[in-house]
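Residue-level listing of the chains:
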Amino acid sequence: RLATTQGGCYSLACGEKNVRTDAEAFAAIEGVSSACRCKQLCMDRAAEGCSSWRYFHEEDFNFDTSPETHCHQVCYLLKEDFSSATKFAGSNFSSGAIDTIINRATTSPETVLSGQEFSLTVHGYALPGGDRRQRVKLVYEDQGCDAELPQTVIGLGCSNKNVCSPRPLSSSMTNATFNKLAIAGMATDRGYKVCYCKGPCTAGWQYTEVPGFVLRVGPAPFSFAVEGASTSAVTTGQLLQPALNRKTGKFAVRVHRRPFHTYTDPSQWLIKIVKAPFQSYVSDDLQNGCSAAAPSAVFSNSLLTARRLEETNASCISRRLQTVPNQGWSAAMTRGKDQAVWSTSIDSATDSANGLYLVCLCEEAILGGYDSQYAGNDGEEPEGLTCGSRWIQVPSTQGSKYLNVTARSEDMLPQAGPHLSQRWSTQQTWSNGRWEGPDFKIEVVGYRMTPSDYGNLGLFPQGTDCVQAFSGVTTSVAKTAGVSDKLTYTIESSDGIANFDQYMYQVCLAKEGGAAPISLGLLSITRRAKVGRMFVLEPDADQSIEISGVDLDYERDRIMIIDSESSCGIASPTAELMPPQDSVSMLRTFNSMAPRTEVVSDNHHHDSVDLPSVLNIYSAVVQRYCFSNNIGLNGHAAAAHQCHTKCRAQSTSMETSTVCAGYMIDVDSATSDALCATRAQCEAACTADATCYGVDMHRMLPRCYLNTRLGCQHQVETGALGIDESYDFLVKKESGSVAEPIDAASSIVISRQTVTSVETDPGRRLHTVASYVGLSSSTLLRFAPIRLRSGGSYKVCFCDHESLEDGQAHCRAESDYKIEVGQAHVSGVACLIKEQQFRRKNCRAMMFGGLECGDDLVAATVTQPATFTPADLPSVWNLMTSVP
């Protein structure tokens, strides 16, 4: 951990200390002052094949300074890859690999033309070989690698400016090749830098500019400019052009040809304006949608030609063109040797006109030809319109390949009417084949709803087609109140939700006036957790959430906290949870956050997602393995998972199962002890074997070895485990203990060089079975500690394990947390008392911080069990609890 105080010191060590790689050196250099200097010498000679290094340093204590008798500082340069080299513990040694070096890039073909497909190869040393996380992106030559991907680049795509695709077509330790790329030329020539990332690639600093390389693409043969619109400029990302919106009215498009490119008559040019397709990073059509797209109806005369009306057959052509919808005939306002201008306008009544459009040009439309795309309503074949695949995309002279129509402020308002994809929750009782319970309300939220949006509400099984469901239904649940942005429907207990043995229902609305019924969203039902709760928490303090109900299950029921504007069952956890984590880690945190029970300690958190959090009984020693203590598989209960037996037959087929990805055909013979199994399966096999002390678990593949206590325990306790970046050693905890997170207070402290036993913090031990104060029960689950760093409103979502899909035992994804049990208001209690809604409610203090408020509060109690025996728990828990 880096020091945060002023003047703090930072370790600048290179390689792994006390590690000696067993590889032949092609050079030995004496008198090298440090391991970092040795690493630099290897990088300087990467072209000679140096990929790793070994440094020996010894202090002189015998006062013999004669250089003829001995050396104290020697740097050995090695050609063997560090990750695959054999490593041993060695005092006075440090070993490591060189960093990735990028020195050049090439393209094929060498000269890249506008719109031409090409491949890009990045060259260097110590590239990560077959690692699929490698990425490249192109930026303009005057920008840094943190810039946005230019819109002109085809074949690359970025979900944000630094998370890009695709992966390389091929790669090795010295190069990576990306294919099917293209660049649309602009009005002038542009240069592009190449930025490379070896992976992972999520931030700008992870990309490195390829030195001395600029990919230069010449100008496009044609370009367009917008004229006659507002003179104010609009910038959207990299777009810059005169402002256009649906109220612009008439404007002009001028197309200019690069001198001496072609010699066609501009009076015969044909253009069309089409909606730009979604920018996919894999594009088989380098014209990016011009060839097949039909003209957009947003623009009047969206198919425009500069052919002169006074041609011999002009009257005939003009008559036939009038039958083609949304297309017209317009003579060029002006024509020159290399340019032509067309006039058009935007349909002001189209509120969805904003967006990106392509200006497409056809130089030589065939008079009298036929193109079914433009066939008229009268069935005749319009003449003068055939271009086929000869359409080309024309970029803007203002620095974009698009014509941009921006949204007006009124266009940004929500669509009038009820919102779709809404979510509701209720608690009911399943009795006599139907859901029964108290009345509950469904509030339909919308925007500028009018009487035409009112109607009857229907509840049907999830996935029901609302149009068919309402067929023949004459009555449903009527609204009791309604305002412009909210309609309230009441489901009375006498109505019930009959004959649907489900936990999720489609909510359908049949509007008054005969409009087709629509789906508004989903209603989730739980029989176990009370809903409509309100919690008051202090910001940036350890607080709690208490869920009350019936038949609650502390092993499998979980909660998640999301932002107030989000929907349970859809949204990811709030980013305000402390400590800060990414969305995946926060989901894992809530999945493993067990309520307080007699078997869960005060501050115990786990990583297991698919198992109950308290079943995590292994600690990982990273990048280590146990020497020569594998358990033989002959006659072993796990022998069915032996890689040779399980996967040898599949290795000759084109497809292999996911679990056989760990099979190594050159290593796994009939006597091999390797198991091709997931981590959960490997741990289960070790747990079931009393002689098993730990597992060598591959970090990326479903592959492991079981190990005996003899030898492995000594290696763990003395820090003598083998070094291997591909494996972690999973240590099984002793009976009567639970695996703790690996940190300063855990029973095992792990670093890259040492494994040291320390005393476990007594404060982290399990509650005794006899202690019941503050514990959870079947009627109350206490989740603590929960800390939210800032004030605001949040939703509390509940994962009811009874509503999970068949075969799923535990909460895993956001969609499992579909019950909204209430809202959490994070603010000072004194501030909330000022709000009228809290002054009208009863509030009670929760055991571990925070208030629960409501009109129907009853003091929560926990009934002490009469007895507690191991039989009450899954058998594997006997490894972790001792009952007096």
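Conventions and cut-offs
Residues numbered from 1 in each chain as written. Predicted model: local features only at pLDDT ≥ 70, side-chain atom pairs only at ≥ 80, totals over all residues. Heavy atoms only, no water. Helix = DSSP H or I, 4+ residues; strand = E, 2+ residues; numbered from the N terminus. Buried < 20%, exposed > 50% of the residue type's maximum accessible area, 1.4 Å probe, protein only. Contact = heavy atoms within 4.5 Å. Pairing = 2+ DSSP bridges. Axes fitted to C-alpha atoms, helices over the stretch in contact; angles between N-to-C directions. Salt bridge = Lys/Arg side-chain N within 4 Å of Asp/Glu carboxyl O. Core = buried A, V, L, I, M, F, W, Y, C linked by side-chain atoms within 4.5 Å. Phe/Tyr/Trp six-rings, centres within 6.5 Å; stacked < 30°, edge-to-face > 60°. Lys NZ or Arg CZ within 6 Å of the ring centre and 35° of its normal. Polar contact = N/O pair within 3.5 Å; in protein donor to acceptor, adjacent residues only side chain to side chain. Arc of directions from axis to C-beta. pLDDT = per-residue confidence, 0-100.

K.L.:
Any chance you could explain the overall build of the protein here in plain terms?
P.N.:
Across its full length, the protein carries nine helices and 54 strands. Out of the 884 residues in the protein, the part that is buried amounts to 46%. Long-range contacts, defined as pairs at least 24 residues apart, comprise 73% of the intrachain contacts of the protein with a sequence gap of at least 6.

K.L.:
Please explain the sheet that holds strand β42 (residues 618-621) as it appears in this structure.
P.N.:
Spatially, β42-β47-β44-β45 is the arrangement adopted by the four strands of the open sheet, whose pairing is antiparallel. In this open sheet, the two strands that pair with only one neighbour each are β42 and β45 (704-708). Shown here is a sheet whose adjacent strand axes are inclined to one another by a mean of 25°, direction ignored. By the bridge criterion, four bridges tie β42 to strand β47 (residues 727-732) in an arrangement that is antiparallel. The residue bridging A620 from the neighbouring strand is L730, located in β47. Helix α6 (residues 679-687) rests against β42, β44 (692-698), β45 and β47 of the sheet, and its axis sits at about 165° to β44. Set on the sheet, helix α7 (residues 709-718) makes contact with β44, β45 and β47; between it and β45 the angle comes to about 95°.

K.L.:
Help me out: how do you make sense of the pairing of β44 in this one?
P.N.:
Side chains on a regular strand alternate between the two faces of the sheet. Across the seven residues that make up β44, a large majority, seven, are buried. Two successive antiparallel strands, β44 and β45, enclose a turn made up of five residues. As defined by bridge partners, β44 adjoins β47 across five bridges and the pair is classed as antiparallel. Paired with D696 across the bridge in β47 is F729.

K.L.:
What am I meant to see in helix α1 (residues 35-44) here?
P.N.:
Considered for burial, the residues of α1 that qualify are A35, C38, K39, L41, C42 and M43. Residues of α1 that are buried make contact with β2 (25-30), β3 (52-57), β4 (73-78), β5 (86-97) and β6 (101-108).

K.L.:
For this particular structure, what's the right way to read the pattern of salt bridges?
P.N.:
Between side chains of opposite charge, a pair can form when the charged atoms approach closely. Taken as a whole, this structure holds 26 salt bridges when the rule is applied. Close ionic contact of K193 with E209 constitutes a salt bridge, the shortest N to O distance being 3.6 Å. Highlighted residues: K193 in strand β14 (residues 190-197) and E209 in strand β15 (residues 208-209), separated in sequence by 16 residues. Residue classification places K193 among the buried residues on the basis of a relative accessible area of 14%. A residue is classified by how much of its surface remains accessible, and E209, at 36% relative accessible area, is partly exposed.

K.L.:
Please clarify how unusual backbone geometry should be interpreted in this entry.
P.N.:
The phi torsion of most residues other than glycine is negative, and most of the peptide bonds are trans. Look at the link from S165 to P166: it is a cis peptide, with omega at 10°. Turning to its location among the elements, P166 is positioned in the loop between β11 (163-165) and β12 (170-171). Unusually for a residue other than glycine, A126 sits at a positive phi of about 60°. Tracing the backbone through its elements, the reader meets A126 in the loop between β7 (118-125) and β8 (135-140).

K.L.:
Explanation requested: the nonpolar core in the structure shown.
P.N.:
In a soluble, globular protein the nonpolar side chains are often hidden away together inside. Counting residues in each nonpolar core, the largest one holds 35 residues, and the members touching the most others are I545, I547, I559, I786, V796, F798 and Y817. When residues of this core are traced back to their parent elements, those giving at least two are β39 (533-537), β40 (543-548), β41 (558-563), α4 (583-591), β50 (780-786), β51 (792-799) and β52 (819-826). Looking at this core, the element that brings in the most residues is β51, giving five residues. Once residues within four sequence positions are removed from consideration, Y817 is found in contact with R558, I559, M560, C568, G569, L587, F590, N591, C797, F798, C799 and C811.

K.L.:
In this structure, what is going on with the packing of aromatic side chains? I would like to understand it.
P.N.:
The description of two aromatic rings rests on the distance between their centres and on the angle between their planes. Tallied over the full model, the rule gives six aromatic pairs. Between F222 and W269, the aromatic rings sit 5.4 Å apart at their centres with planes inclined by 90°, giving edge-to-face as the arrangement. Pair noted here: F222 is in strand β17 (residues 222-227) and W269 is in the loop between β20 (250-257) and β21 (270-275), with a separation of 47 residues, a long-range link. With respect to class, F222 is no different from W269; both count as buried. Judged by centre distance (5.2 Å) and plane angle (65°), the ring pair of Y625 and F627 falls under edge-to-face. The exposure class assigned to Y625 is partly exposed, which follows from its relative accessible area of 24%. Of the residues examined, F627 reaches a relative accessible area of 30% and is grouped as partly exposed. Stacked on the ring of Y140, the Lys or Arg R190 has its end atom at 3.8 Å from the ring centre.

K.L.:
What am I meant to see in the sheet that holds strand β54 (residues 851-854) here?
P.N.:
Note: strands within a sheet are paired through backbone hydrogen bonds, in either parallel or antiparallel orientation. With respect to topology, six strands assemble into an open sheet ordered β41-β51-β52-β39-β54-β53, the strand pairing being mixed. Strands with a single pairing partner mark the edges of an open sheet, and in this sheet they are β41 and β53 (842-845). Taking the axes of each pair of neighbouring strands and ignoring which way they run, one obtains an average angle of 30° across the sheet.

K.L.:
Help me understand the environment of A720, please; the structure alone is not making it clear to me.
P.N.:
Along the chain, A720 turns up in the loop between α7 and β46 (722-723). A720 gets classed as partly exposed once you look at its relative accessible area, which sits at 36%. In this structure, the C-alpha to C-alpha distance between A720 and F88, residues 632 residues apart in sequence, is 9.4 Å.

K.L.:
Explain the side chain of Q206 to me, please; I cannot follow it from the model alone.
P.N.:
Tracing the sequence through the fold places Q206 in the loop between β14 and β15. Q206 sits in the buried class, given a relative accessible area of 17%. At 2.6 Å, the side chain of Q206 forms a polar contact with the backbone nitrogen of T202. Those residues in contact with Q206 that sit more than four places away from it in its chain are Y196, C197, P200 and C201.

K.L.:
What is the right way to look at α7 in this model?
P.N.:
Along an α-helix, a turn takes 3.6 residues, which lines up residues three or four apart on a common side. Residues C712, Q715 and V716 constitute the buried set of α7. Burial along α7 is one-sided: seen end-on, the buried residues are contained in an arc of 100°. With respect to the buried face of α7, the exposed residues turned more than 90 degrees away are L710 and H714.

K.L.:
Please explain the pairing of β40 as it appears in this structure.
P.N.:
Here β40 lies mainly inside the structure; six of its six residues are buried. The alternating pattern of β40 places Q543, I545 and I547 on one face and S544, E546 and S548 on the opposite face, and all of these are buried. Bridge analysis of β40 against β50 gives five bridges, and the strand direction is antiparallel. The residue of β50 that forms the bridge with I545 is F783.

K.L.:
Help me understand the environment of R679 in this model?
P.N.:
One can find R679 in helix α6. We classify R679 as partly exposed; its relative accessible area is 38%. Distance from R679 to C704, taken between C-alpha atoms, is 7.9 Å for residues 25 residues apart in sequence. Excluding its chain neighbours within four sequence positions, the residues that come into contact with R679 are M697 and L730. Separated by 2.8 Å, the side chains of R679 and E683 make a polar contact.

K.L.:
What exactly am I supposed to notice about the environment of A182 here?
P.N.:
Inspection of the secondary structure assignment puts A182 in strand β13 (residues 175-183). Separated by 27 residues in sequence, A182 and G155 have C-alpha atoms that sit 6.4 Å apart.

K.L.:
I tried to follow the confidence of the model for the protein on my own but got confused; where do I start?
P.N.:
Low-pLDDT stretches of the model should not have their predicted coordinates read in fine detail. Scored by pLDDT, the protein comes out at a mean of 75, with 71% of its residues at no less than 70. Taken as a whole, residues 280-287 scores under 50 in pLDDT and shows 17 contacts with residues more than four places along the chain or in a different chain. Low pLDDT, under 50, characterises residues 306-335; the predicted model gives this stretch 61 contacts beyond four residues in sequence or across chains.

K.L.:
Can you walk me through the side chain of H698 in this structure?
P.N.:
Within the secondary structure, H698 sits in strand β44. One polar contact links the side chain of H698 to the main-chain amide nitrogen of L701, over a distance of 3.1 Å. Contact partners of H698, with chain neighbours within four places excluded, come to M664, R703, S726 and Y727.

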